[in-house]
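The primary structure of each chain is shown beneath.
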Amino acid sequence: MNQEVIIVRGNHTLKGDVRVSGAKNSALKLMAASILGQGETILHNVPLISDIELMSEVLARLGATVVREGHTLRINTADVDSCETPYELVSKMRASISVLGPLIGRFGEARVAMPGGCQIGARKIDMHLVGLEALGVAFDVDHGVLAATTPNGLRGTHVYLEFPSVGATENMLMAAVTAEGHTAIENAACEPEIEDLANMLNAMGARVAGAGTSLIEIEGVPLSTLHPCEHTTVGDRIEAGTFLAGGALTGGPLTVHGIDPAFLRMAIMKLRAMGCDVETGDDWITVRREEPLSSVDIQTLPHPGFPTDLQAQFMLLAALADDVSVITENVFENRFMFAAELMRMGADVTLDDHHAIVRGVDNLEGAPVSSTDLRAGAALVLAGIVADGETSVHHLEHIDRGYEDYVGKLASLGADIRRVPADSLR
Ligand code: EPZ
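Predicted model, so just to flag it, every value in this text is computed and none were measured.

Caption draft 1: Inspection of the nonpolar core at higher detail. Residues Val256, Phe314, Met315, Leu364 and Leu410 are the most contacted members of the largest nonpolar core, which totals 76 residues. By residue number, the principal contributor to this core is helix α12 (residues 374-386), which donates 10 residues. Apart from residues no more than four positions distant in its own chain, valine 256 is found in contact with Val18, Val20, Ala240, Phe243, Leu244, Asp283, Trp284 and Ile285. Counting 70 residues, the second largest nonpolar core, distinct from the first, contains Ala32, Leu73, Leu173 and Ile216.

This is the structure:
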């Protein structure tokens with residue numbers, strides 16, 4: 001398909017109401033969990049993004065049928081008869097590794113290509129393997145393919161994760177639901193998407209307790225007792241945080257709907273520390289700002305710490321704040337590429353290992369910039385909305401992975417923004 005570019009004119013404001021889509025980082029795992037249902041699972045509030053299309057392809061390759069009806073997916077996994085997920089799919093989306101746990105939970109075996117790294121880091125899966133081995137899984141790497149078997153079946157265990165890895169927690173969870181006996185995962189990831197996954201697994205007949213805390217306990221049940229269910233994906237807290245950053249940037253008032261404010265406590269605390277007024281309701285959050293942006297220090301950490309997926313968006317806020325902010329990226333080893341692009345727009349950022357020292361400037365200048373990962377891309381578009389002049393954002397494939405109709409939603413909030421074929425710029 002012809003490359004497209006986002007063209008955005010600066011000195012605009014974002015205000016009004018926007019409804020966020022379902023959470024990408026939940027929906028992908030809910031789709032994988034449907035493997036355990038052995039029938040037709042119905043998922044609502046599934047975002048229309050390319051990663052979902054890729055996960056649908058992964059499931060189809062395994063023998064499932066996936067039918068999309070708007071924001072609802074009907075996934076029938078009764079006929080899943082393969083445990084093989086090839087490199088050509090895993091290399092396009094490393095989240096494909098999320099089928100490892102459910103395939104093991106259903107078949108006791110799996111063959112999944114080892115995922116590569118990406119721009120933001122090596123993205124190792126050693127903790128996935130250690131956790132699954134504790135459940136009785138034996139792994140063999142065969143020419144880049146991870147071959148999993150369970151010679152003595154899946155047995156409940158007590159595992160202490162050395163880092164609260166989201167993916168490792170999810171893969172262990174989806175395998176442990178059919179392991180014999182009791183499993184405890186200590187130092188588990190606490191992200192809201194983990195709780196969403198556990199709620200769906202329990203609706204399928206699993207017995208999971210403690211999801212959303214650092215101790216998750218699972219009573220294994222026979223595979224035959226698991227059944228499909230109908231489930232609605234939680235709202236996307238990172239998409240919501242992205243729009244809230246846009247509202248904070250330009251003053252708002254901007255309201256995001258379809259999100260539980262409890263998912264964004266740390267981000268809301270930082271918005272308030274930067275001089276914003278933030279109001280919340282059952283499923284909405286409003287941000288407005290009259291005062292100049294105040295500088296703030298941010299440490300990205302596993303939930304409930306500040307989300308690494310909002311680091312770029314808040315670096316943009318810091319770039320226009322009244323003083324110096326220090327942003328420390330503790331989750332990924334290489335997630336400051338956004339800074340380099342932002343500096344091309346006039347930001348003053350000094351990188352020192354995991355720290356970014358951001359000195360506020362009065363304004364940014366529009367420029368041609370490139371997305372390096374989906375969150376940096378989304379933040380660059382926001383930068384273009386407040387910069388002087390015109391910004392063109394390239395490599396939109398990153399943004400399309402995780403933001404449904406990003407241009408349309410921003411335009412509805414007042415941005416002067418459009419997508420055009422790249423060759424129309426010459
Ligand atoms: C999930 O990635 C999200 N992706 C990421 O969102 C998010 O940034 C991340 O969690 C942290 O919240 C999806 O859910 C599809 P981790 P995941 O395992 O599961 C290291 C986005 O923008 N690690 O918690 O891969 C790893 O390299 C994406 O939507 C190991 O070393 O995150 C990373 O540095 C980006 N060994 C850190 O831990 C392992 O076995 C956190 O990884 C596993 C992880």
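Read on for the rest.
Caption draft 2: Representation of the site of the ligand in the model. Contacts to the ligand come from 25 residues, most closely from Asp126, Met127, Ser165, Asp309 and Val331. At 3.4 Å from an oxygen atom of the ligand is found a side-chain nitrogen or oxygen belonging to arginine 94. Note that a nitrogen atom of the ligand is positioned 2.6 Å from one of the side-chain N or O atoms of aspartate 126. Protein contacts shield 88% of the accessible area of the ligand, which totals 820 Å² for the unbound molecule. Of all the secondary structure elements, the ones that give two or more residues to the shell around the ligand are α1 (24-33), α5 (126-134), α6 (166-176) and α12. When the residues that make up the shell around the ligand are grouped by side-chain class, the tally is 9 nonpolar, 5 polar and 11 charged.

Caption draft 3: Main features of the environment of valine 46. Inspection of the secondary structure puts valine 46 in the loop between β3 (40-44) and α2 (50-62). Residue classification places valine 46 among the buried residues on the basis of a relative accessible area of 0%. Counting along the chain gives 109 residues from valine 46 to arginine 155, while the straight-line C-alpha distance between them is 33 Å.

Caption draft 4: The sheet that holds strand β12 (residues 207-209), seen in detail. Strand order in this open sheet of 4 strands is β10-β11-β13-β12, and the pairing throughout is mixed. Edge positions in the open sheet fall to β10 (158-160) and β12, since each of these has one partner strand only. In this sheet, adjacent strand axes meet at a mean angle of 15° when their direction is disregarded.

Caption draft 5: Expanded view of unusual backbone geometry. Cis rather than trans, the peptide bond between glycine 252 and proline 253 has omega equal to 5°. Assignment of secondary structure puts proline 253 in the loop between α8 (237-250) and β15 (254-257). Across the junction of histidine 303 and proline 304, the peptide omega takes the value 10°, indicating a cis bond. Mapped onto the fold, proline 304 is located in the loop between β18 (298-300) and α10 (311-319). Phi angles above zero are rare outside glycine, and histidine 143 is one such case at about 55°. With respect to the helices and strands, the residue histidine 143 is situated in the loop between β8 (138-142) and β9 (145-149). Residue classification places histidine 143 among the exposed positions, given a relative accessible area of 81%.

Caption draft 6: A look at α6. Counting buried positions along α6 yields 9 of 11 residues, so the element is predominantly enclosed. Regarding α6, the residues found buried are Ala168, Thr169, Glu170, Asn171, Met172, Leu173, Met174, Ala175 and Ala176. The backbone nitrogen of glycine 167 lies 3.5 Å from a side-chain oxygen of the residue at the head of α6, namely serine 165.

Caption draft 7: Examining the packing of aromatic side chains more closely. Counting across every chain of the model gives 3 aromatic pairs. Look at phenylalanine 243 and tyrosine 406: their rings are 5.9 Å apart centre to centre, the planes differ by 50°, and that puts the pair in the tilted class. One end of the pair, phenylalanine 243, is in helix α8; the other, tyrosine 406, is in helix α14 (residues 406-412), with 163 residues separating them in the sequence. By relative accessible area, phenylalanine 243 is classed as buried at 0%. For tyrosine 406, a relative accessible area of 3% puts it in the buried group.

Caption draft 8: How the structure looks around the packing of α6 against helix α7 (residues 192-203). For the pair α6 and α7, the least separation of the axes is 11 Å and the interaxial angle reads 10°. The angle between the axes of α6 and α7 places the two elements in the roughly parallel class. Along the contact surface, α6 presents Val166, Thr169, Glu170, Leu173 and Met174, while α7 presents Ile194, Leu197, Ala198 and Leu201. Its residues assigned to classes, the contact of α6 with α7 comprises 7 nonpolar, 1 polar and 1 charged.

Caption draft 9: How the structure looks around helix α11 (residues 337-344). Within α11, the full set of buried residues consists of Met337, Phe338, Ala339, Glu341 and Leu342. As for α11, its buried residues are in contact with α10, β20 (348-352), β22 (368-370) and α12. Positive backbone phi, at 105°, marks glycine 346, one or two positions downstream of α11.

Caption draft 10: Main features of the sheet that holds β3. If you trace the 4 strands from one edge of the open sheet to the other, you get β4-β5-β3-β14, paired in mixed fashion. If you trace the sheet from one side to the other, it starts and ends with β4 (65-69) and β14 (230-232), each paired once. Pairwise comparison of adjacent strand axes, ignoring direction, gives a mean angle of 15° for this sheet. Pairing of β3 with strand β5 (residues 72-76), which is carried by 4 bridges, proceeds in the antiparallel orientation. In the strand pairing of β5, glutamate 40 is matched with asparagine 76. Of the strands in this sheet, β4 and β5 are in contact with α2, which crosses β4 at around 150°. Strand contacts of α7: β3 and β14, with the helix running at about 165° to β14, the strand carrying the most contacts.

Cut-offs and rules
- Residues numbered from 1 in each chain as written.
- Predicted model: local features only at pLDDT ≥ 70, side-chain atom pairs only at ≥ 80, totals over all residues.
- Heavy atoms only, no water.
- Core = buried A, V, L, I, M, F, W, Y, C linked by side-chain atoms within 4.5 Å.
- Buried < 20%, exposed > 50% of the residue type's maximum accessible area, 1.4 Å probe, protein only.
- Helix = DSSP H or I, 4+ residues; strand = E, 2+ residues; numbered from the N terminus.
- Contact = heavy atoms within 4.5 Å.
- Near = heavy atom within 4 Å.
- Polar contact = N/O pair within 3.5 Å; in protein donor to acceptor, adjacent residues only side chain to side chain.
- Areas by Shrake-Rupley, 256 points an atom, 1.4 Å probe, with all protein chains shown as cover.
- Nonpolar A, V, L, I, M, F, W, Y, C, P; charged D, E, K, R; others polar.
- Pairing = 2+ DSSP bridges.
- Axes fitted to C-alpha atoms, helices over the stretch in contact; angles between N-to-C directions.
- Phe/Tyr/Trp six-rings, centres within 6.5 Å; stacked < 30°, edge-to-face > 60°.
- Parallel < 35°, antiparallel > 145°, perpendicular 65-115°, else oblique.

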